[in-house]
Amino acid sequence: MTALRALTDLEYSRYNPFKWGQKSFLGITVALFALLLGIGWYLFHGRQPSLQTPFTAGTFLMVGIIMYLASVDMLLFTVHSSREWILNFPHPRKLLLYAKAISLFKHGLYLASIVIAANIGLYVLFNLTGHYEHLLFKELILTVVAHALFMASIFPLAIVCGLLAGTILMGWKMLLFVPFSLLWLSPLMALSTYLNSTALNGEQLQYLSPSYILLYTVGILLIGWPLSYMLIHWIAKAGLERMSEIRYNFLAVQLPIVKEQNTIKSYRRSSGFQALYQLERSRLQYFERLLPIKVIKGVVLAGAFILFYLFPEDDQFVLTLTKMQFILPVLVASIWIMCKSGVEHKQLNWRLSFPHPRLLLITSSIVATGVTVLRLHLMLSIATLAGIGAALAGGRTNFASVTDYLHWFAYIFLTSALMLILSLCLVQISYYLMKSKILIGLIFPLYMIIALQQTIVNNTFLPENIQIGQTPNWLLLGWVTLIGLPLAAACLPLGARYLHLVIAQSNETVNRKKH
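How each quantity is defined
- Residues numbered from 1 in each chain as written.
- Predicted model: local features only at pLDDT ≥ 70, side-chain atom pairs only at ≥ 80, totals over all residues.
- Heavy atoms only, no water.
- Helix = DSSP H or I, 4+ residues; strand = E, 2+ residues; numbered from the N terminus.
- Buried < 20%, exposed > 50% of the residue type's maximum accessible area, 1.4 Å probe, protein only.
- Contact = heavy atoms within 4.5 Å.
- Areas by Shrake-Rupley, 256 points an atom, 1.4 Å probe, with all protein chains shown as cover.
- Core = buried A, V, L, I, M, F, W, Y, C linked by side-chain atoms within 4.5 Å.
- pLDDT = per-residue confidence, 0-100.
- Patch = residues over 30% accessible without salt bridge, like charges linked within 9 Å, V, L, I, M, F, W, Y side chains within 5 Å.
- Salt bridge = Lys/Arg side-chain N within 4 Å of Asp/Glu carboxyl O.
- Expected span 1.5 Å × (residues − 1).
- Axes fitted to C-alpha atoms, helices over the stretch in contact; angles between N-to-C directions.
- Parallel < 35°, antiparallel > 145°, perpendicular 65-115°, else oblique.
- Left-handed = near helix turned anticlockwise from the far one by under 90°.
- Nonpolar A, V, L, I, M, F, W, Y, C, P; charged D, E, K, R; others polar.
- Phe/Tyr/Trp six-rings, centres within 6.5 Å; stacked < 30°, edge-to-face > 60°.
- Disulfide = S-S within 2.5 Å.

## With respect to the overall build of the protein chain
Scanning the protein chain for helices and strands turns up 20 helices and 0 strands. Considering the protein chain as a whole, with its 515 residues, one finds that 49% of them fall into the buried category. In the protein chain, of all internal contacts separated by at least 6 residues, the share reaching a separation of at least 24 is 85%. For the protein chain, the computed accessible surface area is about 24400 Å², with 70% contributed by carbon and sulfur atoms.

## Brief notes about the environment of Ile421
Within the secondary structure layout, Ile421 lies in helix H15 (residues 399-427). Taking the relative accessible area as the measure of exposure, Ile421 reaches 41% and is therefore partly exposed. Sequence-wise, Ile421 and Val367 are 54 residues apart; in three dimensions their C-alpha atoms are separated by 9.0 Å.

## Things to note about the nonpolar core
Judged by nonpolar contacts, the single largest core of 126 residues is most densely connected at Leu163, Trp184 and Met448. When neighbours within four sequence positions are excluded, Leu163 is seen to be in contact with Ala70, Met74, Leu97, Leu104 and Ile235. If you look at the next biggest cluster of nonpolar residues, it comprises 5 residues, including Leu7, Phe89, Leu96 and Ala99.

## Here we look at the confidence of the model for the protein chain
Per-residue confidence for the protein chain gives a mean pLDDT of 77; residues scoring 70 or more make up 78%. Confidence, read as mean pLDDT per element, is least for helix H9 (residues 257-269) in the protein chain (44) and greatest for helix H6 (residues 137-163) (89). In this model residues 509-515 is a low-confidence stretch, pLDDT under 50, and it forms 4 contacts with partners more than four residues away in sequence or in other chains.

## Considering a nonpolar patch on the surface
Together, Phe137, Ile141, Val145, Leu149 and Leu214 give the surface a local cluster of nonpolar side chains, amounting to about 440 Å² of exposed area. Tracing the backbone shows Ile141 in helix H6.

## Digging into the pattern of salt bridges
It is possible for side chains bearing opposite charge to pair when their charged atoms get close. Inspection of every chain in the model, using the stated rule, returns 4 salt bridges. A salt bridge links Asp9 to Arg5, with the nearest nitrogen and oxygen atoms 3.5 Å apart. With Asp9 and Arg5 both in helix H1 (residues 3-14) and 4 residues apart, the pair spans about one turn of that helix. Residue classification places Asp9 among the partly exposed residues on the basis of a relative accessible area of 30%. The salt bridge involving Asp73 is made with Lys100; its shortest N-O contact spans 2.9 Å.

## Here's the deal with helix H19 (residues 474-497)
With 24 residues, H19 ought to run about 34 Å at 1.5 Å a step, and its terminal C-alpha atoms sit 35 Å apart, in line with that. Among the residues making up H19, those that are buried are Leu477, Gly484, Ala488, Cys491, Leu492, Gly495 and Ala496. Those residues of H19 hidden inside the fold are in contact with helix H14 (358-393), H15 and helix H16 (429-433).

## Describing the packing of H14 against H19
One can describe the packing of H14 onto H19 by two numbers: an axis separation of 8 Å at closest approach and a directional angle of 125°. As judged from the angle between their axes, H14 and H19 are oblique. Seen along the crossing, H14 lies across H19 with a hand that is right-handed. Facing Arg358, Leu359, Ile362, Thr363 and Ile366 of H14, the residues of H19 in contact are Leu492, Pro493, Gly495, Ala496 and Arg497. The residue makeup of the contact of H14 with H19, split by class, is 6 nonpolar, 2 polar and 2 charged.

## Considerations on the packing of aromatic side chains
Tallied over the entire structure, the rule returns 11 aromatic pairs. Considering the side-chain rings of Phe305 and Tyr309, the 6.5 Å spacing of their centres and the 5° angle between planes classify their relative orientation as stacked. Linking Phe305 with Tyr309, this pair stays in helix H11 (residues 291-310), spanning 4 residues, or about one helical turn. Classification of Tyr309 as partly exposed rests on a relative accessible area of 28%.

## A word on the side chain of Gln325
Looking at the secondary structure, you find Gln325 in helix H12 (residues 315-343). Apart from residues no more than four positions distant in its own chain, Gln325 is found in contact with Ala304, Phe308, His377, Leu380 and Thr384.

## Details of the packing of H6 against helix H8 (residues 210-238)
Between H6 and H8, the shortest axis-to-axis distance is 8 Å and the interhelical angle comes to 20°. In this view, H6 runs roughly parallel relative to H8, as classed from their interaxial angle. In this structure, H6 meets H8 at a crossing whose hand is left-handed. Considered class by class, the residues forming the contact of H6 with H8 number 21 nonpolar, 6 polar and no charged.

## Comments concerning helix H3 (residues 52-77)
With 26 residues, H3 ought to run about 38 Å at 1.5 Å a step, and its terminal C-alpha atoms sit 37 Å apart, in line with that. In terms of burial, H3 is largely enclosed, as 23 of its 26 residues are buried.

## Details of the state of the cysteines
Per the stated rule, a full pass over the model turns up 0 disulfides. Distance from the sulfur of Cys425, which forms no disulfide, to the nearest cysteine sulfur (Cys491) is 7.0 Å.

## What to know about the environment of Ile114
Mapped onto the elements of the fold, Ile114 is located in helix H5 (residues 93-128). Here Ile114 falls in the buried class, since its relative accessible area comes to 5%. Sequence-wise, Ile114 and Ala34 are 80 residues apart; in three dimensions their C-alpha atoms are separated by 9.6 Å. Filtering out sequence-adjacent residues up to four positions away, Ile114 remains in contact with Thr29, Leu32, Phe33 and Leu36.

Structure representation (structure tokens):
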């Protein structure tokens, strides 16, 4: 066995769907297929989609997922318990990256096969229900082959783009956090845009036909693969070679001596929840105090002020920008909570030893994350309203337009706050799903739903083309709040009860590797 094969098998074993047994593998596969089929039916059954629509949406989704998996894998590797052991292997760092990339590629092919199977299932359902008329089976085969080849060709480039996360963890490169986040979110934003386009009304877009998809595939092979090869060498040099220098002090926040003494005194005087909340906030404040993060925050706020000042009359642009600046922080916070148990795995034993109920551990983490996001929302709101106010004072807009915009501004702000609460609470149910080898297969669909929350919000709460003067659907928002908040609250005690299973799953994996 070659070194690359051994390293690839080691990497693949971390997320191997067979590691929970064949029955669990089949359960995971069927659950993902059913979920994708249900989502596709929900999105398309009330419209007249073309054949290319589900396949194009599935391709966008898979590119976003594979970039997400590569990013998370690279970020979790920095705090992995065996990081130093792996970095001391007598092999070039680029060989370790090759192993990661090949492992992720194999996982991507597995997920892509489920997506394609779900799209074929939609084709059958739409034929049975009369959505497609006189559609040749040959056209389906061409579409399946074209999108399968395209996904197989673009996965290496998407994986390398995700692995770039390992290069933005130190020094001035942290300034690239926002551009990198936009790069990772671009497939999901493209998916959201596509689902709100005229493609859902049965229109065949020529540039998304199978022949064009095959042409894009050739372009990626000629340009994207050489670019991926160069980038993976750069990541090995700029990322992995310095990986051993990274020490995440925010995992056990080290404050200056005076501040640390004051913090400890305040912990002793405070209640259980307040002490846990202060601990969680101190970890997040570590990030907020970093100079690159301060610079990024200042640039984003200044950019929001300038854009809302310059384009107050462009209704579609203003409302789209408002949606993005509120929904994206919610998405990032949700992803942080999803990855938190893995990133802070070493501290979980210590946390569970606290003389406080586990419900407080979970609640304090959610509240600290939520408060951080809402503080950012508040700053963005001030910058937005200041830009609109300056435009009004400068005669670039009128009072009636501003008044109509404020209705949508309040609606979008409250919608994003509701999605923040629901998503952060819903993630906690993943601990309960770990109790069974069958239920554990639902974790990935759960995470997929949370990652697609922007698309869900656009299709549920917001019209396809918002225009100033339309009335927001306050009744729908009220009903979702009334029903969703109690259900979200019910996830907390259920997740808290099974919080320890994160450690049990990790120990089981270690024991399985030993034997």
